[in-house]
Amino acid sequence: MRTEKSYIYWIRGYIRFIGRRHPSDTGSAEVRDCLSWLANERHVTVNTQKVALNALVFLYEKFMNMPLGDLGFSLAKRPRSLPTVLSCIEVRKILQQTNGRNSVILRLMYGSGLRVSEALRLRVQDIDLSRRSILIRNSKGMRDRNVLLGESLVEELKNYVQTGIEQNRKDNEEGFGCSIPYALGRKYPSAWKSNGWAFVFPSTTTCLHPVTSKKCRHHLHHSVIRKALKRAVIEADITNKRISCHTLRHSFATHLLEAGTDIRTVQELLGHSDISTTQIYTHVIGNHFAGTRSPLDRLEEPAAVYSVCPAVYTSPLNSPTALCPER
């Protein structure tokens, strides 16, 4: 639904850009001009430009059956930026300012490396308490993955699983239940009665399904958790970093790598399709796994520890141990 809203937003913006003409009267030239205008005049980020491009390609190729062909357009280069990461002490200070349901969700996001949407969409059938694992369904990139569940969260999460089941049973008695994706709702018309489909963190209010218009109960809105995190950061008096829900996911990955976890394992836990995406965290921790140290730190060591013959440094092909056996 969020993707649909985003596409509609950019399609409307494109129609305004072309002077409110019908898109069928325009083509690749106007699309190219619009994307260039976004980059040069609006100064949007590369990711925003990509979303606009995807929306317009969908409009022409999928909806109007008018392939754009080669636009002769290259996206702006994405600037390399490092993610904001919290230290273990900062994470502890933030989590200590929360309690109850919000505390469990934030700890789940940090302890399992979840996006805020993934944590809130959890259903009873996705949690395996005996194996200490969580199944994330239909995540970013339309992929499923298994993530680990922290031992300290098991008992509390068990209580919220039971609470979600009880809430769904009460709703069933009134003739409605948890929201089900439209296609699955047609395939399994009685799924809303099943406890397995109940949300672990259900919303406190009911709503109408955006497609079927039937009364249902959705999961907790993401704004609730974002506001809770913002309050916790203020109370923890952490003012030198810009912290969002995704910062907890960045911290999860960085702290695993600092503890010596294999980068391929971290890639699987995060759900990255390309390991180069995961490698950004090696630059955050600074030592890049090879034990690289600043030469300044070696100045404090005794001279005998690193005394090497001058000949060692004449060529990078020379082996220090071969040239100076006494080392």
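Note that the coordinates shown come from a computational prediction; the quantities given were computed from them, not determined experimentally.

J.: Explain the pattern of salt bridges here, please?
T.: As a working rule, side chains carrying opposite charge can pair if their charged atoms are close by. Counted by the stated rule, this structure contains nine salt bridges. Among the salt bridges present, the one from Arg145 reaches Glu118, with a minimum N-O distance of 3.0 Å. One end of the pair, Arg145, is in strand β3 (residues 143-148); the other, Glu118, is in helix α6 (residues 116-120), and 27 residues separate them in sequence. Comparing Arg145 with Glu118, the two get one shared label, buried.

J.: Quick question: what am I supposed to make of the packing of helix α2 (residues 28-40) against helix α3 (residues 46-63) here?
T.: Relative placement of two packed helices is described by the angle separating their axes and the distance separating the axes. For the pair α2 and α3, the least separation of the axes is 10 Å and the interaxial angle reads 165°. Overall, the two elements α2 and α3 adopt an arrangement that is roughly antiparallel. In this structure, α2 crosses over α3, and the sense of that crossing is right-handed. Note on element contacts: α3 touches α2 through Gln49, Ala52, Leu53, Leu56 and Tyr60, opposite Val31, Leu35, Leu38 and Ala39. Looking at the contact of α2 with α3 residue by residue, the classes come out as eight nonpolar, one polar and no charged.

J.: Could you clarify how one ought to interpret helix α5 (residues 100-112) in this entry?
T.: One turn of the α-helix equals 3.6 residues, which is why residues spaced by three or four share an orientation. Here α5 spans 18 Å end to end across 13 residues, near enough to the 18 Å set by a 1.5 Å rise per residue. Here α5 has its buried residues at Asn102, Ser103, Val104, Ile105, Leu106, Leu108, Met109 and Ser112. The positive-phi residue at the C-terminal boundary of α5 is Gly113, with phi of around 70°.

J.: In this structure, what is going on with the sheet that holds strand β1 (residues 127-128)? I would like to understand it.
T.: Within a sheet, adjacent strands bond to each other through the backbone by hydrogen bonds, running parallel or antiparallel. What the three strands build is an open sheet, ordered β1-β2-β3; its pairing is antiparallel. At either margin of the open sheet sits one strand with a lone partner, and together these are β1 and β3. Relative to strand β2 (residues 133-139), β1 is paired through two bridges, and the arrangement is antiparallel. Residue pairing across strands places Ile127 opposite Ile134, the latter belonging to β2.

J.: Teacher, can you tell me more about helix α9 (residues 222-235) here?
T.: When the terminal C-alpha atoms of α9 are compared, their 20 Å separation across 14 residues agrees well with the 20 Å that a helix rising 1.5 Å per residue should span. For α9, the complete set of buried residues consists of Ile225, Ala228, Leu229, Ala232 and Val233. An end-on view of α9 places all buried positions within 135° of arc, on one side of the element. Along α9, exposed side chains directed more than 90 degrees from the buried face belong to Lys227, Lys230 and Ile234. In this structure, the buried residues of α9 make contact with α4 (88-95), α5, α6 and α10 (245-258).

J.: Any chance you could explain the layout of surface pockets here in plain terms?
T.: In this approach a probe as big as a water molecule rolls over the atoms, and the regions it shows empty are the leftover space. In this model, the second largest pocket occupies a volume close to 350 Å³. Taken together, 19 residues line the second largest pocket, and the ones lying closest to its centre are Ile180, Pro189, Trp192, Thr212 and Lys214. Ranked by residue count, the leading element in the lining of the second largest pocket is helix α8 (residues 182-187), at three residues. Of the residues in the lining of the second largest pocket, the class split is 10 nonpolar, six polar and three charged.

J.: How should a positive patch on the surface be read in this particular structure?
T.: Together, Arg12, Arg16, Arg20 and Arg42 make up a positively charged patch on the protein surface. Tracing the backbone shows Arg42 in the loop between α2 and α3. Owing to a relative accessible area of 43%, Arg42 belongs among the partly exposed residues under this scheme.

J.: What am I meant to see in the pairing of β2 here?
T.: Turn length for the β1-β2 hairpin, with the two strands adjacent in sequence and antiparallel, is four residues, and the turn residue Arg132 shows positive phi of about 55°. Here five bridges tie β2 to β3, and the two strands are oriented antiparallel to one another. Following the sheet pairing, Ile134 is matched in β3 by Val147. Remark: three residues form the turn of the hairpin made by β2 and β3, two consecutive strands paired antiparallel; Gly141 in that turn has positive phi of roughly 85°.

J.: Got a minute to help me understand unusual backbone geometry in this structure?
T.: The general pattern is negative phi for most residues beyond glycine and trans for most peptide bonds. One non-glycine residue, His43, adopts positive backbone phi at about 55°. Counting through the fold element by element, His43 comes out in the loop between α2 and α3. The phi dihedral of Arg132 is positive, around 55°, even though this residue is not glycine. Locating Arg132 in the fold gives a position in the loop between β1 and β2.

J.: Looking at this structure, I do not really get the packing of aromatic side chains. What am I missing?
T.: For the structure on display, the rule yields five aromatic pairs. Between Tyr9 and Trp10, the ring centres sit 5.1 Å apart and the planes meet at 80°, which makes this aromatic pair edge-to-face. Overall, the relative accessible area of 48% leaves Tyr9 in the partly exposed class. On the basis of an interplanar angle of 40° and a centroid distance of 5.4 Å, the ring pair of Phe17 and Trp37 is categorised as tilted. Of this pair, Phe17 sits in helix α1 (residues 2-17) while Trp37 sits in helix α2, and the two are 20 residues apart along the sequence.

What counts, and where the lines are drawn
Residues numbered from 1 in each chain as written. Predicted model: local features only at pLDDT ≥ 70, side-chain atom pairs only at ≥ 80, totals over all residues. Heavy atoms only, no water. Salt bridge = Lys/Arg side-chain N within 4 Å of Asp/Glu carboxyl O. Helix = DSSP H or I, 4+ residues; strand = E, 2+ residues; numbered from the N terminus. Buried < 20%, exposed > 50% of the residue type's maximum accessible area, 1.4 Å probe, protein only. Axes fitted to C-alpha atoms, helices over the stretch in contact; angles between N-to-C directions. Parallel < 35°, antiparallel > 145°, perpendicular 65-115°, else oblique. Left-handed = near helix turned anticlockwise from the far one by under 90°. Contact = heavy atoms within 4.5 Å. Nonpolar A, V, L, I, M, F, W, Y, C, P; charged D, E, K, R; others polar. Expected span 1.5 Å × (residues − 1). Pairing = 2+ DSSP bridges. Arc of directions from axis to C-beta. 1 Å grid on protein atoms, 1.4 Å probe; cavity = no way out; pocket = protein on both sides within 12 Å on 5 of 7 lines; lining within 4 Å. Points joined across faces, edges and corners; volume = space filled by probe spheres on them. Patch = residues over 30% accessible without salt bridge, like charges linked within 9 Å, V, L, I, M, F, W, Y side chains within 5 Å. Areas by Shrake-Rupley, 256 points an atom, 1.4 Å probe, with all protein chains shown as cover. Lys, Arg positive; Asp, Glu negative; His and termini not counted. Charge placed at Lys NZ, Arg CZ, Asp CG, Glu CD. Phe/Tyr/Trp six-rings, centres within 6.5 Å; stacked < 30°, edge-to-face > 60°.

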